[in-house]
Number of protein chains: 4
Amino acid sequence: MPEVPKDGSQLWSKGGALDPAIHAFTVGEDYLTDLALVPHDCVASAAHARMLSRAGLLDPKDADALVAALGELREEALAGRFAILPEQEDAHTALEAALVARVGDAGKRIHLGRSRNDQVITALRLLMRERLADLAGRAADLAGAFLAFAQAHAHEAMPGYTHLRPAMPSSFGQWAAAFAEGLLEGLADARALDAKLDRCPLGAAAGFGVPLPIDRELTASLLGFSGVQRNPIDVQNSRGRHELALVQWIGQLALVLEKFLWDVALYSTPEFGYLDVPEAFTTGSSIMPQKRNPDVVELARATCRSLRGAAHTVEQLAGGMPSNYHRDFQLLKKPLLGALGDAAAWLSILQALVPALQVNAERAREACGDELYAAHAAFLLVKEGWTFRDAYREVAAELAAKAFHPDRAALKSTHTGGTANLALDAAAAELAAHRAWIDGRKAAQASTVHALLETTP
Amino acid sequence: MPEVPKDGSQLWSKGGALDPAIHAFTVGEDYLTDLALVPHDCVASAAHARMLSRAGLLDPKDADALVAALGELREEALAGRFAILPEQEDAHTALEAALVARVGDAGKRIHLGRSRNDQVITALRLLMRERLADLAGRAADLAGAFLAFAQAHAHEAMPGYTHLRPAMPSSFGQWAAAFAEGLLEGLADARALDAKLDRCPLGAAAGFGVPLPIDRELTASLLGFSGVQRNPIDVQNSRGRHELALVQWIGQLALVLEKFLWDVALYSTPEFGYLDVPEAFTTGSSIMPQKRNPDVVELARATCRSLRGAAHTVEQLAGGMPSNYHRDFQLLKKPLLGALGDAAAWLSILQALVPALQVNAERAREACGDELYAAHAAFLLVKEGWTFRDAYREVAAELAAKAFHPDRAALKSTHTGGTANLALDAAAAELAAHRAWIDGRKAAQASTVHALLETTP
Amino acid sequence: MPEVPKDGSQLWSKGGALDPAIHAFTVGEDYLTDLALVPHDCVASAAHARMLSRAGLLDPKDADALVAALGELREEALAGRFAILPEQEDAHTALEAALVARVGDAGKRIHLGRSRNDQVITALRLLMRERLADLAGRAADLAGAFLAFAQAHAHEAMPGYTHLRPAMPSSFGQWAAAFAEGLLEGLADARALDAKLDRCPLGAAAGFGVPLPIDRELTASLLGFSGVQRNPIDVQNSRGRHELALVQWIGQLALVLEKFLWDVALYSTPEFGYLDVPEAFTTGSSIMPQKRNPDVVELARATCRSLRGAAHTVEQLAGGMPSNYHRDFQLLKKPLLGALGDAAAWLSILQALVPALQVNAERAREACGDELYAAHAAFLLVKEGWTFRDAYREVAAELAAKAFHPDRAALKSTHTGGTANLALDAAAAELAAHRAWIDGRKAAQASTVHALLETTP
Amino acid sequence: MPEVPKDGSQLWSKGGALDPAIHAFTVGEDYLTDLALVPHDCVASAAHARMLSRAGLLDPKDADALVAALGELREEALAGRFAILPEQEDAHTALEAALVARVGDAGKRIHLGRSRNDQVITALRLLMRERLADLAGRAADLAGAFLAFAQAHAHEAMPGYTHLRPAMPSSFGQWAAAFAEGLLEGLADARALDAKLDRCPLGAAAGFGVPLPIDRELTASLLGFSGVQRNPIDVQNSRGRHELALVQWIGQLALVLEKFLWDVALYSTPEFGYLDVPEAFTTGSSIMPQKRNPDVVELARATCRSLRGAAHTVEQLAGGMPSNYHRDFQLLKKPLLGALGDAAAWLSILQALVPALQVNAERAREACGDELYAAHAAFLLVKEGWTFRDAYREVAAELAAKAFHPDRAALKSTHTGGTANLALDAAAAELAAHRAWIDGRKAAQASTVHALLETTP
């Protein structure tokens, strides 16, 4: 349990004492989770200081001192050398205390024209945009891995299943390309989500603005936003809504990848036997010497589900409230940061897994029995003039009589996406475009930080 | 319980009999819910017939007959004159039966090169895009209603709350504009979501393509899609993923509007008293003659929560499965269509409610006590050279001594979004752009249908 | 859209007119879903009338007339001959109108000392207890089917899987008995849940009681409750809480049965091949003549997930509110009744499926390779004095050298629950005790109705 | 990232090397979360050792040595002096390593006849039963606090609300007693839940039993279970199902307490003003000197929602899988332990809050206007012979004419639960019975540990 501050070190302290248990309950784990916010709070605070200075609300020398100190503090935070004391409650209090310690009274001037409410939203929004670009980069790498796998195994047949029953001829290439296409959809979504987050909340203060001539457009621009989230009440109301959108975006990736992981779990059973999970991705049993269990696959699959659980927690916290700030929203930070961290680790491990999967091409080819070609054969009859329904019944009769011998060579799907035309080039081109966007975002984020903290304005 | 077909009328029938209870369980309510799909299935089937004809897989005369019949059937379905018999199981079987009844053998040729799996996904995707445009239109109208309300009450003060405690001066205009801005964000999301859905699944067949020279690009174009969802496995895997994205989009609107509805429920209590819900939106009590209960507000608020529940059902069904089609996905249709219908009714009733709300301007103005200006006053001291922390403590002391008398006239927020600068014009401009997009989508959808069904190709 | 009442027929009407769209939105589908409540409302109303009469608040002749009419109306409702007009909003208004039509002014006296708020909770609680007993009965029958299956296949070996990899010897009997034991746990839970619901809410009125000498203990007793839910505010606050408990109870059954259904889906693939789903439980493909798809299994599995979705909707509506009644709770009825109906159909179809499953005993026996006995063999070495860790490594070495030849006869699990000691008798005894409880509940419910409605008091 | 073990220290190691990233992903945070399991694993392991010894599978001296060491290790774990190394993966590996270090080869013999699969379930079940008793104790204390509050304020009037509108006369006593009654229901549920968990899983091994003459009834008895969870597959299948039941039980408490917290948040606004949250439970604003925010109330309210989120995560992980063990279940531990810890802190803070709440009796009394007595007055007319509907319309007319002057003294609710008859004694008696059960459980748990670890058998 954190120590209780004795001397009123909270931003709002008027000198009363706090009960330790109550203090511990209100602070929760913020003094730990908030560490992730500090670098972003430094950046946002620097923009705020520059704006105050240009608006005549802060002495330019104070602004210079503050920005210099914020640059140092950000470096320290990134290096793990910045601590938030439990009695400081949160990142914002700790940061202001650190500024006062370094630059004296100027530190006390940084909070003019803002509130912790818009301060935390701004830091979170910067964090969310940074993490979104990072996760999108990982998803792009993973999509690339699927495309490479599809290319390498484009012509290796495997049964296509419906209802978990062998249905039609497919291929390892067609299978892997499916996940690439699903991820490409997620990457397009990422760009839309970034646009949704691309409005600066700073200046909303406690949710109703401030009676000072602050320049919200300037801070927005300094922080790399295309525009301002104008309405201060909507700024507060978007707390939770944006977190949910981000975690649900991860959830869409999880819907794509959960199917891949389930497929691997199935196809690597001895009964299916189309894939081998390399030993490095398995563990053993404490009592069964013969076992190699695909633990990585299972844990990654379970992560898809736990990420949905995290989204539900965020949703629970985001909903059910009147407008404006409520302390309830403090609890949003932990599931958000947890989900972001889990998603990053999960995408990385999948990126290692995909190229390591071993294909048992022969076993899969042998599993492609004649009956998989039944629908194809019916289609051929149609080309000869049969109606489809009659052709369907004819082939069914041949199958029943064990007199069905399809000509496999004639049964190739050459349309877009068919086994003989996977259209991997088109997917690669889309991926390249997404990568360019991701690289652009990362560069822009870096240059925003550099312009604010490492050069004089 | 539906009748069991005696004569093998299912598309897949090979002549065996079905147990009635089992048939009833497998059909479920599909023969009712599928009615919503019929018009879209007619359109998609017409595009499929045209494509087959151009690819040499269907006689042009057959294609003409099919398209003509599909045009009639669509009209009948829209007029409520098309029925799906329980023994027909679903819309697709019923449609094929109706075609055979009208155009004979040509009706049996329509199913060449497709499966019910891609047929239902295509109909659903057309339906989802149509409903998305419709819901976006309703959300735009509602945003307009909020902007009009904000304009009308831009200068009427009300307390701004944080933690449900009076915090700072705000206004009815600032309050209403918040919901407009939230909805504008949702409208931008709608455009991204439509882009996500803007890929044609037709041609994926059962999930692995077909060995026929079908032209997927052509059907995509005829159906108004910008492109093809290339990978057939991803087509099947997107079942549920897309439904979820749509219902979660509605959920984002619900997060915006739930706060509005909660605010109205609170602000219209006698204790707050800032708003009156007009009598037409209230009902009475069966035992308390004095009551006028804001039932519409409460039901609309609860709808925000039940829409989240529907999204959870869709999510449950979308997740947890290996790749490809499983019959589990049949259950997706009911929660999807339920949520779409509920959302439309809910947006309409809100559109009626917003302009009808009555503002008690005087009561709200009186509730804006001097203490709301405390932070503002502290900011003013800062402009005179105090540090913010010292100013904060000074005002706190004045408040404690009941010696705090702020100059309200001097305490106006003029920055973007402040009570003296709501920036409604910028919101109106964004809204107009979204409306143009919505109108464009609706026109494009209508013209796609017209080109396919009401003109000769 | 329902017609608007012209003449103020609502219980609370004071004569004003209603907007049709608003009326439609507030009524929702209540006039349909409430039909399920009518029989229970008749019973509860009869108890209320008897109590009023004994308390001197209603003329005994009026009570007799009311009870007689309620008996008739209940019969009509059960026979599907009772309709709720949309303008009547709900079951309670319709019932009072029907009573006035039959017994004149006495009908207007029935609502003394109650409110629709406690009226609906009482009807719902009676409904929930009745449905719980019914569902428990179905679950008991299903448990019986699993036990019979386990008995019949007690000695037929099949591989036991962990991580979806063959792990140890098991049997069809051990497999089926698992679901029986899971359901027995659910049946014990049912009894606890019934005890939770076994408190009568009638008399809470709008949530604060009434200033009349009503006898809540008497109505509780007449309605078959062991006691009174004393606090009227808790009565209102339990709205949603109880519905959730019931749907989550179904969810616990679903967690048991989902695993069974997943197993069947897997074990009936050609790749595993341990089970055949009989043709009556399968359907075909519209384009693949060779397919027999286990649709019933898949739909039943998906129902497990949609039932969880329904619980989430109930939870969304139950949570997030201050005390007392809010109209939000109206929306609880639809997901509750939907889940109850779905659960009944789902348990029935499973009861038909279990005995119909066909076991491929030979295929399963052949799949039990020597390596499944590896852990068992290691245990034997331990009995000879090895440490388990050393034995484990020894067997691993033998396996690697393909020199592992276990003595299967010596490797039987005879402890409770082991393949050689399934303890089916103990399960059957538990089941019999649960059945006795269920039968007792059903008999008590029937006799409560009979005593109230079919005999003179 | 944890270090990779170089020397094959995992229970299943056969000597190969592990990739560090893969190892880190598979271990996750188990080496931290598992610390909570260690004391319970020590107890379960001691019972296992005693059973092996009595069954002739372990030398009695080895058993003595193991039990002695387990007693020490349990003490060390409780004192925070037991560490799990990342390379040890989990509690079970670490415990076995510690045993080998202390008692040599005997340590290698402890794993005979069990698997980590039943080992972890047994430890979890002991933990769950212990925590359930602890949480029930806290809930009982809280129920006691509500009863004391109700007693102290039994006769202080406050308006009763429906639809957030003043409806009928109520009292602070009636209000507080509602939460006591809701918690009593939860305590009864706790007893049923403990019965559900009261079956010993040990001996299920990997899910199919072991070919050794283990005595499952003995271990069950030594561990304080009433019986054995017989079927080993059901043991594995209950993983997640039981965790969910426990977290959903907490969720039922949260549904009760969320309403209390929402009420406090509302009733302590200046607009309602019926309650004051003492300063110790509030915090200030960083920019608004006048604010005292009820942060503790808001955080406790949000905890109700985040606990539901945790249940969703558990549910996601528990569902959607075939029978038997999958590594997916590893992820269950973190949300379970998180929810248990959060629930304990939350119940404690509420226990402090309830007696500290300050009642503004006069303000509340003044808020009870004549109109609250309208329904009551209508009831009186009925006693004089009016029908209720006519009386309702008469009072409505008087109200409209401002001619309604009720006789408050005549309008008292004396039935069970009414404001004049809160029946607190009955609640106190139920509470005492629950406390006795809780004390009994705690004593039984302590004596089980004592018998196993601190005495010779």
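Q: Help me out: how do you make sense of the overall build of chain A in this one?
A: On a plain count of helices and strands, chain A comes out with 17 helices and six strands. Against the globule reference of 23 Å for 457 residues, chain A gives a C-alpha radius of gyration of 28 Å, more extended than a compact globule. Along the longest, intermediate and shortest principal axes, the C-alpha atoms of chain A span 90 × 50 × 40 Å. Here chain A holds 457 residues, and 70% of them are scored as buried. Long-range pairs, those at least 24 residues apart, make up 76% of the contacts in chain A between residues at least 6 apart in sequence. With an accessible surface of roughly 13,300 Å², chain A has 53% of that area assigned to carbon and sulfur atoms. A distance of 3 Å separates the average location of the 44 positive side-chain charges in chain A from that of its 55 negative side-chain charges.

Q: Help me understand the relation of the copies chain B and chain A, please; the structure alone is not making it clear to me.
A: Mapping between the two copies of the chain is achieved by a rotation about an axis and a shift along the axis. Once turned by 180° and shifted 0.0 Å along the axis, chain B lies on chain A with an RMSD of 0.0 Å. On the angle and the small slide along the axis, the relation comes out as a two-fold axis. When each C-alpha of chain B is compared by its distance to the rotation axis, B:A192 comes out closest, at 2.9 Å.

Q: Help me understand the pairing of strand β1 (residues 157-162) of chain C, please; the structure alone is not making it clear to me.
A: Regular strands have side chains that alternate between both faces of the sheet. Across the six residues of β1(C), five count as buried, placing the element largely inside the fold. Hairpin geometry of β1(C) and strand β2 (residues 165-171) of chain C is characterised by an intervening segment of two residues between the two adjacent antiparallel strands and by a positive phi of about 55° at C:H163.

Q: How should the packing of helix α15 (residues 374-383) of chain A against helix α16 (residues 388-400) of chain A be read in this particular structure?
A: Between two packed helices, what matters for the description is the angle formed by their axes and the separation of those axes. Residue and element names in this part refer to chain A. Close contact between α15 and α16 brings their axes to 8 Å; oriented N to C, the two are set at 130°. The orientation of α15 relative to α16 falls into the category oblique. The two elements α15 and α16 cross, and the hand of that crossing is right-handed. On α16, the residues that touch A374, A377, A378, F379, L381 and V382 of α15 are F388, A391, Y392, E394, V395 and L399. For the contact of α15 with α16, a count of residues per class yields eleven nonpolar, no polar and one charged.

Q: Would you mind going over helix α12 (residues 295-318) of chain B with me for this structure?
A: Its 24 residues give α12(B) an end-to-end C-alpha distance of 34 Å, which sits within 8% of 34 Å, the value for a rise of 1.5 Å per residue. Among the residues trailing α12(B), B:G320 stands out with phi positive, at a value near 80°.

Q: I would appreciate a short explanation of the environment of C:A46 in the present structure.
A: Residue and element names in this part refer to chain C. In this fold, A46 is placed in helix α3 (residues 38-54). Residues A46 and A180, spaced 134 residues apart in sequence, show a C-alpha to C-alpha distance of 40 Å. Excluding residues that lie within four positions of it along the chain, A46 makes contacts with V67, L70, L452 and L453.

Q: Mind showing me how you'd approach the relation of the copies chain D and chain C here?
A: Relative to chain C, chain D is turned by 180° and slid 0.0 Å along the rotation axis, the superposed coordinates differing by an RMSD of 0.0 Å. Most of the interface of chain D is mirrored in chain C, where 100% of its interface residues are also at the interface.

Analysis parameters
- Residues numbered from 1 in each chain as written.
- Chains lettered and ligands numbered in written order.
- Predicted model: local features only at pLDDT ≥ 70, side-chain atom pairs only at ≥ 80, totals over all residues.
- Heavy atoms only, no water.
- Helix = DSSP H or I, 4+ residues; strand = E, 2+ residues; numbered from the N terminus.
- Rg over C-alpha atoms; globule rule 2.2 N^0.38 Å.
- Buried < 20%, exposed > 50% of the residue type's maximum accessible area, 1.4 Å probe, protein only.
- Contact = heavy atoms within 4.5 Å.
- Areas by Shrake-Rupley, 256 points an atom, 1.4 Å probe, with all protein chains shown as cover.
- Lys, Arg positive; Asp, Glu negative; His and termini not counted.
- Charge placed at Lys NZ, Arg CZ, Asp CG, Glu CD.
- Least-squares fit on C-alpha atoms with pLDDT ≥ 70 in both.
- Pairing = 2+ DSSP bridges.
- Axes fitted to C-alpha atoms, helices over the stretch in contact; angles between N-to-C directions.
- Parallel < 35°, antiparallel > 145°, perpendicular 65-115°, else oblique.
- Left-handed = near helix turned anticlockwise from the far one by under 90°.
- Nonpolar A, V, L, I, M, F, W, Y, C, P; charged D, E, K, R; others polar.
- Expected span 1.5 Å × (residues − 1).

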